[in-house]
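Single-letter residue listing:
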Amino acid sequence: MSTPLLSTGTDYAALAARFRPVFARIAEGAREREHQRTLPVAPIQWLKEAGFGTVRIPQEKGGFGASLPQLFSLLIELAEADSNLPQALRAHVAFVEDQLNQPDSPARDRWFRRFIDGEIVGSGWTEIGNVKLGEVNTKVTPQGEGWQLDGEKFYSTGTLFADWIDVFAERSDTGGAVIALVSTHQAAVERLDDWDGFGQRLTGSGTTRFKAAQVEQDHVYDFAERFRYQTAFYQHVLLATLAGIARAVLRDVKEEVQQRRRVYSHGNAGQVRNDAQVLQVVGQISSWAFATEATVLQATHSLQQAYEAHLSGDEALKQALNIAAEIDAAKAQAIASDLVPRAATELFNALGASDTRLSKALDRHWRNARTVASHNPVIYKIRNVGDWEVNGKEPVFVWQIGNGG
């Protein structure tokens, strides 16, 4: 019997060294892309070519075999370069994670091969408009030797760059909740760049329509088979994005303070870089960035434990580790959602009115942080943490959104 393959880690220094030149190249154009609202099509291609989509795939299968702490460390570095990109790849890294939790099979190997060849996955889960809580209007229907997919999604993060879309749908014949993997390389899939949020504007989100789109027979499976710790995993991508934004805020405030020449007559020094109050602001931002990243990375270890336990056969252990992963992600979310928008605001207390110019695009840090922090309401996550601590009540692992009664 062959030993099950687990991605438990690799040499992080070597792994990061492979991608840092790409991250640096991405960072060079981030401000201009934001200013011109230019989708990061080229940066996504650079990441594909470097093999970023295979970071978690076991080395024996052609990937890097990184652990989850290592994956999220890389995503933090990428988010520092451009916070749109980790979120644009959120569905892809989640689908890779799902495949890592499935039994070894030729079908799984085909997915791994696609990712090694540079293909990536986007998201199609959420519906807006007249959708009641618990309802799914997107339907998948058996058709010949495959399926037909019809419906419309919004918040389709990453789909504008994707070769496949991970779609949450309902079977028209049984009413069962399923995941359908649909190829974007067909006219029946319409992708619109109509995301109009004030932040994270370049994530490739927006409306996706499926008009009798064709889905292969083995590309539809029950939602119940989805990997167990998925809710915490999806949140961790957002947490890594926030941690990366905090690093970017620190990077930019340091650079601006070092270069600033204009001083106030009632300031504390002849140069801004020597003004004690300005240095206090930079020190506060540095501390918040440090606390956020440390908290986020600490939480990734319980996620790795949940992953490694999926082969244990011990249901009680898997459930306990899933709870730990979810609670840790929620606690980290409470910290990151508070500290990072504060850091992005405090940045301007170290600078001046001229630094609010659109050409500098420093406002993107707050807008992006606030937008990311608005996903998956933190107030409910904090309540879950409190209910677990006081009453031992398990957190909500799977939830939906829609119109109430």
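The rules we used
Residues numbered from 1 in each chain as written. Predicted model: local features only at pLDDT ≥ 70, side-chain atom pairs only at ≥ 80, totals over all residues. Heavy atoms only, no water. Salt bridge = Lys/Arg side-chain N within 4 Å of Asp/Glu carboxyl O. Helix = DSSP H or I, 4+ residues; strand = E, 2+ residues; numbered from the N terminus. Buried < 20%, exposed > 50% of the residue type's maximum accessible area, 1.4 Å probe, protein only. UniProt positions renumbered as here; feature names shortened; annotations may be inferred. Core = buried A, V, L, I, M, F, W, Y, C linked by side-chain atoms within 4.5 Å. Contact = heavy atoms within 4.5 Å. Pairing = 2+ DSSP bridges. Axes fitted to C-alpha atoms, helices over the stretch in contact; angles between N-to-C directions. Left-handed = near helix turned anticlockwise from the far one by under 90°. Nonpolar A, V, L, I, M, F, W, Y, C, P; charged D, E, K, R; others polar. Polar contact = N/O pair within 3.5 Å; in protein donor to acceptor, adjacent residues only side chain to side chain. Domains from an automatic or database assignment. Buried area = accessible area lost by both parts, 1.4 Å probe.

Overview of the pattern of salt bridges
Reasoning step 1: Per the stated rule, a full pass over the model turns up 31 salt bridges.
Reasoning step 2: One salt bridge connects Glu-97 with Arg-56, and the closest N-O pair in it is separated by 2.8 Å. Here the residue Glu-97 occupies a position in helix H5 (residues 90-100), and Arg-56 occupies one in the loop between helix H2 (41-50) and helix H3 (68-81), the gap between them amounting to 41 residues.
Reasoning step 3: For Glu-97, a relative accessible area of 0% translates into the label buried.
Reasoning step 4: Residue Arg-56 is classed as buried on the basis of its relative accessible area of 3%.
Reasoning step 5: Lys-331 is the salt-bridge partner of Asp-328, the closest N and O atoms lying 3.8 Å from each other. Here the residue Asp-328 and the residue Lys-331 both occupy positions in helix H9 (residues 315-346), the gap between them amounting to three residues, near one helical turn.
Reasoning step 6: Residues joined by salt bridges that share partners form a network here, namely Glu-34, Arg-201, Asp-363 and Arg-367.

Digging into the UniProt feature "domain: Acyl-CoA dehydrogenase/oxidase N-terminal" (unreviewed entry) in the protein chain
Reasoning step 1: With numbering aligned to this structure, UniProt lists the feature "domain: Acyl-CoA dehydrogenase/oxidase N-terminal" (unreviewed entry) at residues 24-119.
Reasoning step 2: As annotated, residues 24-119 has a helix share of 67% and a strand share of 0%, and its two end C-alpha atoms lie 23 Å apart.

What about the nonpolar core?
Reasoning step 1: Counting 90 residues, the largest nonpolar core has Phe-19, Leu-47, Phe-52, Val-55, Phe-72, Leu-78 and Phe-233 as its most contacted members.
Reasoning step 2: Here this core takes 15 residues from helix H7 (residues 230-259), the largest share from any one element.
Reasoning step 3: Each residue touching Val-55, except ones within four places of it in the same chain, is listed here: Leu-15, Phe-19, Phe-64, Gly-65, Ala-66, Leu-71 and Leu-74.
Reasoning step 4: Of all hydrophobic cores here, the second largest spans 15 residues; its members include Val-140, Trp-147, Ala-180 and Ala-188.

Some thoughts on the pairing of strand S2 (residues 139-143)
Taken residue by residue, a regular strand's side chains alternate between the two faces of the sheet.
Reasoning step 1: Across five bridges, S2 lies against strand S3 (residues 146-153) in antiparallel orientation. Each bridged residue has a counterpart across the sheet, and for Gln-143 the counterpart in S3 is Gly-146.
Reasoning step 2: In this antiparallel pair of consecutive strands, S2 and S3, the connection spans two residues, and Gly-144 shows a positive phi of 60°.
Reasoning step 3: Across two bridges, the pairing between S2 and strand S4 (residues 164-171) is parallel. Within S4, the residue paired with Lys-139 across the bridge is Glu-170.

Quick notes on the packing of H3 against helix H8 (residues 276-308)
Reasoning step 1: At a minimum axis separation of 8 Å, H3 and H8 run at an interaxial angle of 145°. Read as a crossing pair, H3 and H8 show a hand that is right-handed. Side by side, H3 and H8 meet where Leu-68, Pro-69, Phe-72, Ser-73 and Ile-76 of the first sit next to Glu-293, Val-296, Leu-297, Thr-300, His-301, Leu-303, Gln-304 and Tyr-307 of the second.
Reasoning step 2: For the contact of H3 with H8, a count of residues per class yields eight nonpolar, four polar and one charged.

Some words on the environment of Glu-293
Reasoning step 1: Relative to the helices and strands, Glu-293 resides in helix H8.
Reasoning step 2: For the pair formed by Glu-293 and Thr-126, sequence separation is 167 residues and the distance between their alpha carbons is 29 Å.
Reasoning step 3: In this structure Glu-293 touches Ile-76, Ala-243 and Arg-247, once residues within four positions along its chain are discounted.

Points about the environment of Ser-337
Reasoning step 1: As for its position among the elements, Ser-337 is in helix H9.
Reasoning step 2: For the pair Ser-337 and Thr-292, spaced 45 residues apart in sequence, the C-alpha separation works out to 9.2 Å.
Reasoning step 3: Ser-337 has contacts with Leu-242, Ala-373 and Val-378, leaving out every residue within four places of it along the chain.
Reasoning step 4: Within the structure, the side chain of Ser-337 is placed 2.8 Å from the backbone oxygen of Gln-333, a separation counted as a polar contact.

Details of the domain arrangement of the protein chain
Reasoning step 1: Taken domain by domain, the protein chain comprises domain 1 (12-119), domain 2 (139-225) and domain 3 (229-391).
Reasoning step 2: Inter-centroid distance (C-alpha atoms) of domain 1 to domain 3 is 21 Å.
Reasoning step 3: Counting from both sides, the interface comprises 24 residues of domain 1 and, opposite them, 35 residues of domain 3.
Reasoning step 4: Between domain 1 and domain 3 lies a buried interface of about 2700 Å² when both sides are counted; carbon and sulfur atoms form 61% of it.

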